[in-house]
Amino acid sequence: MITDMMTPFELYQPSRVDDALALLNRYDKDAWKLAGGNDSFDWFKDRIKRPRAVIDLNGIAELKGVRETADGIEIGALTTLAEIARNPLVRQKYGLLADAARKVGSPQIRNSGTLGGNVAQDTRCWYYRDGLPCHRAGGNTCYASRPTSMNREHAIFGANRCMAVNASDTAPALVALEAKMVIRNPQGERVVEAKDFFIGPSVDITRMTILTPKDLLSAIRIPSKFANAQFYFEKVSDREAFDFALVNVASATIVKGGVIEQSSIACGGVESVPRHLKVVEDVARGERQNDATAKLVGQAAVRGAAPLNYNQFKIVLMQNLVARAIRGA
Amino acid sequence: MSKNKINGGCKSGGGKNRERPGEEDLSLFSSARNKFISRRDFIKGVISSGATIAALGYMPGSPGLSRARAASPGAVERLISLKVNGRTRRVDVLPQETLAMTLRYKLGLTGTKLSCDRGECGACTVLIDDVAHYSCTTLTHSVRNRSITTIEGLEGPSGELHPVQKAFVEELGPQCGYCTPGQIMSAVALLKENPHPTREEILLSMSGNLCRCGSYDHYFRAITRAAQGG
Ligand SMILES: Cc1cc2nc3c(=O)[nH]c(=O)nc-3n(C[C@H](O)[C@H](O)[C@H](O)COP(=O)(O)OP(=O)(O)OC[C@H]3O[C@@H](n4cnc5c(N)ncnc54)[C@H](O)[C@@H]3O)c2cc1C
Ligand code: FES
Ligand code: FES
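Residues numbered from 1 in each chain as written. Chains lettered and ligands numbered in written order. Predicted model: local features only at pLDDT ≥ 70, side-chain atom pairs only at ≥ 80, totals over all residues. Heavy atoms only, no water.

Comments concerning the sheet that holds strand S12 (residues 275-276) of chain A
Residue and element names in this part refer to chain A. Spatially, the four strands line up as an open sheet ordered S9-S10-S11-S12, and their pairing is antiparallel. One side of each edge strand has no neighbouring strand; the edge strands of this open sheet are strand S9 (230-236) and S12. Two elements, S9 and strand S10 (residues 247-256), share seven bridges in a ladder whose sense is antiparallel. Bridge pairing in S10 places Gln230 opposite Thr253. Sheet contacts for helix H5 (residues 95-102): S9 and S10; angle to S9, the most-contacted strand, approximately 15°. The sheet strands contacting helix H13 (residues 313-327) are S9, S10, strand S11 (259-268) and S12, and the helix crosses S10 at an angle near 25°. (Pairing = 2+ DSSP bridges. Helix = DSSP H or I, 4+ residues; strand = E, 2+ residues; numbered from the N terminus. Contact = heavy atoms within 4.5 Å. Axes fitted to C-alpha atoms, helices over the stretch in contact; angles between N-to-C directions.)

Quick word on the pairing of strand S3 (residues 53-56) of chain A
Residues and elements named next belong to chain A. Of the two faces of S3, both are covered, the one formed by Ala53 and Ile55 as well as the one formed by Val54 and Asp56. One ladder, built from four bridges, connects strand S2 (residues 31-34) with S3; its direction is parallel. Bridged to Leu34 within S3 is Asp56. Between S2 and its parallel partner S3, the chain crosses via helix H2 (residues 40-45), and the hand of that crossover is right-handed. (Buried < 20%, exposed > 50% of the residue type's maximum accessible area, 1.4 Å probe, protein only. Right-handed = clockwise from strand over helix to strand, strands pointing away.)

Considering the site of ligand 1
The immediate surroundings of ligand 1 are formed by 39 residues, with Lys33, Gly36, Thr114, Asn118 and Lys235 of chain A found nearest. Those residues lying near ligand 1 are distributed over chains A and B. Separating an oxygen atom of ligand 1 from a backbone N or O atom of Lys33 of chain A is a distance of 2.6 Å. Contacts to ligand 1 include Asp169 of chain A, whose side-chain N or O atom sits 2.8 Å from a nitrogen atom. For the shell around ligand 1, the secondary-structure elements that each account for two or more residues are S2, helix H7 (115-120) and strand S8 (216-222) of chain A. Among the elements that make up the shell around ligand 1, the one with the highest residue count is H7 of chain A (four residues). (Near = heavy atom within 4 Å. Polar contact = N/O pair within 3.5 Å; in protein donor to acceptor, adjacent residues only side chain to side chain.)

Looking at the sheet that holds strand S1 (residues 10-12) of chain A
Strand-to-strand pairing in sheets goes through backbone hydrogen bonds, with the strands running parallel or antiparallel. All names here are of chain A. The sheet built from three strands is open, its strands ordered S1-S3-S2 with parallel pairing. In this open sheet, the two strands that pair with only one neighbour each are S1 and S2. The sheet shows a mean angle of 25° between the axes of neighbouring strands, taken without regard to direction. Bridging between S1 and S3 involves three bridges; their strand directions are parallel. Considered in S3, the bridge of Tyr12 is made with Ile55.

A few points about unusual backbone geometry
Residues and elements named next belong to chain A. For Arg161, which is not a glycine, the phi torsion comes out positive at approximately 70°. For Glu178, which is not a glycine, the phi torsion comes out positive at approximately 55°. Locating Glu178 in the fold gives a position in the loop between helix H9 (170-176) and strand S6 (180-185). For Glu178, a relative accessible area of 26% translates into the label partly exposed.

Regarding the packing of helix H6 (residues 180-193) of chain B against helix H8 (residues 216-227) of chain B
Two measures define how a pair of helices packs: the angle their axes make with one another and the distance between the axes. Residue and element names in this part refer to chain B. One can describe the packing of H6 onto H8 by two numbers: an axis separation of 11 Å at closest approach and a directional angle of 35°. Seen along the crossing, H6 lies across H8 with a hand that is right-handed. Counting all contacts with H6, which are made through Thr180, Gln183, Ala187, Leu190 and Leu191, the residues of H8 involved are Tyr219, Ile223, Ala226 and Ala227. Considered class by class, the residues forming the contact of H6 with H8 number seven nonpolar, two polar and no charged. (Left-handed = near helix turned anticlockwise from the far one by under 90°. Nonpolar A, V, L, I, M, F, W, Y, C, P; charged D, E, K, R; others polar.)

Quick look at the state of the cysteines
A full pass over the atoms with the stated rule returns zero disulfides over all chains. For Cys125 of chain A, which is in no disulfide, the shortest distance to another cysteine sulfur is to Cys134 of chain A and amounts to 6.2 Å. (Disulfide = S-S within 2.5 Å.)

Points about the environment of Leu296 of chain A
Residue and element names in this part refer to chain A. Within the element layout of this structure, Leu296 appears in helix H12 (residues 291-302). Using a relative accessible area of 43% as the deciding quantity, one classes Leu296 as partly exposed. Considered as a pair, Leu296 and Val322 are 26 residues apart in the sequence and their alpha carbons are 9.9 Å apart.

What follows is the structure in structure tokens.
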């Protein structure tokens with residue numbers, strides 16, 4: 001017999017954004033936004049999160065699809081990863097995002113999993129996911145940073161009481177593409193840069209993004225700045241499917257006559273946020289796109305890394321991935 | 001509260017509450033709120049006894065079912081129509097019920113297997129509008145207007161096996177067979193979209209289905225055979 005069904009909740013299935021916002025306004029912290037459910041149902045089945053009201057966003061047509069805009073494209077937050085991976089517009093001009101989306105989970109996860117859910121997903125630190133009362137869960141300890149902790153998957157940068165990393169594959173791609181996140185709440189709409197959308201424990205240890213309970217991510221805009229640039233996405237994980245990145249890298253590079261004019265690069269799996277590698281961009285600018293530059297930027301990328309007991313390997317991994325990204329292979 | 005009363009306020013499908021239009025327009029289940037218990041008390045109640053209620057709530061016909069209904073608005077079933085294997089089925093569904101649960105324990109379609117119940121294995125794969133999905137990670141209420149196909153729905157008009165099933169038999173596909181319905185559904189989804197897949201396309205499309213017995217090569221050969229017309 002199955003012993004781990006979800007606890008009861010009230011289910012709402014609005015078909016308009018305004019109705020969803022009214023529900024968020026009414027239920028606030030007691031509401032849970034549901035997209036593809038691939039992250040949510042784990043929490044519910046493990047009974048660690050027990051929302052009173054679940055707001056299923058899947059019926060809201062205006063939150064779905066990819067549109068061309070004056071300056072790039074706009075992707076509805078409820079668009080599935082499978083659709084993004086095969087969408088001609090995304091593939092032609094912003095292939096980085098299509099490549100990242102194609103690396104998530106498994107075909108079935110991509111068929112239901114959404115871009116909004118992928119960027120808003122919670123961290124995968126198993127101590128936290130198992131419901132232990134750690135800092136992130138409102139307690140006062142970190143189970144991942146003890147001498148015997150299993151922290152192979154944890155952070156090598158920016159740990160502040162919490163060692164958990166951002167697990168999303170699309171997040172670094174969106175940071176590299178300088179995407180803008182469109183957020184709506186009962187008060188109105190605001191647009192934030194992807195790199196400011198993700199937050200670390202020093203800002204708020206209980207959240208991975210700036211989204212508050214009443215906020216709905218409605219769309220993701222990708223400016224044309226890096227359209228048709230040289231893209232590189234690589235994810236290293238223990239298994240090809242069903243697995244999160246140990247480290248992933250996403251980069252967009254504009255090369256003219258063998259010289260790197262501009263690059264934008266971010267790594268996942270190394271920090272609580274996708275790590276935007278500003279330093280790499282500065283080192284690479286104006287350099288020839290070759291092995292020597294790649295080596296240099298790889299070293300620059302991992303400067304200051306502070307590994308835990310079991311994740312030193314991530315330093316070399318990240319260094320190599322960044323080098324490959326800048327070299328273009 | 002009787003079950004009629006609970007469902008009485010809702011139009012099937014539309015989710016409109018006739019008793020209190022306006023405020024509760026979007027609510028599917030809120031008419032079941034118990035007036036005599038404040039919301040806060042109720043939430044506490046569910047937290048302390050949630051395990052029992054939900055566990056009993058899932059066992060059809062179990063004595064716990066009526067208690068579960070009475071104790072929690074979330075535990076209220078609602079009668080909906082589902083399109084499964086070309087037929088319209090009327091079924092009472094809890095808000096938190098997954099499609100795998102509805103198919104197996106309400107509709108008796110036990111060909112769909114449950115293994116991890118976490119979107120990590122593929123045993124529960126079914127087609128929703130011809131696309132492969134994990135039914136353990138799908139709310140039944142979210143597929144009310146979609147067309148669901150399970151392994152039982154693959155048979156031909158006179159009960160003959162689907163070409164993919166035949167190929168699985170020919171190639172001695174399964175070992176224990178537990179993952180097989182899910183594998184077949186993924187293969188059917190692939191061939192519907194792409195009748196002549198390459199080796200890589202087959203491997204990628206099947207990567208969301210694990211096989212504990214390691215029958216991957218057999219399945220691969222079977223899909224290749226089915227794509228070549230048996
Ligand atoms: C077995 C398995 C493997 C996985 N592998 C990967 C992987 O390799 N790479 C990866 O990146 N992820 C992976 N995931 C994580 C995740 O489930 C998927 O990334 C998926 O994209 C999440 O999207 P969803 O729509 O299903 O999210 P949901 O579960 O519906 O939502 C996730 C979170 O986002 C919030 N949310 C969703 N939409 C919005 C919105 N529009 N506005 C505000 N908040 C919102 C929800 O409230 C919830 O907190 C995996 C998950 C599983 C179960
Ligand atoms: S039972 Fe659904 S994926 Fe394992
Ligand atoms: S045949 Fe036994 S699990 Fe696949």
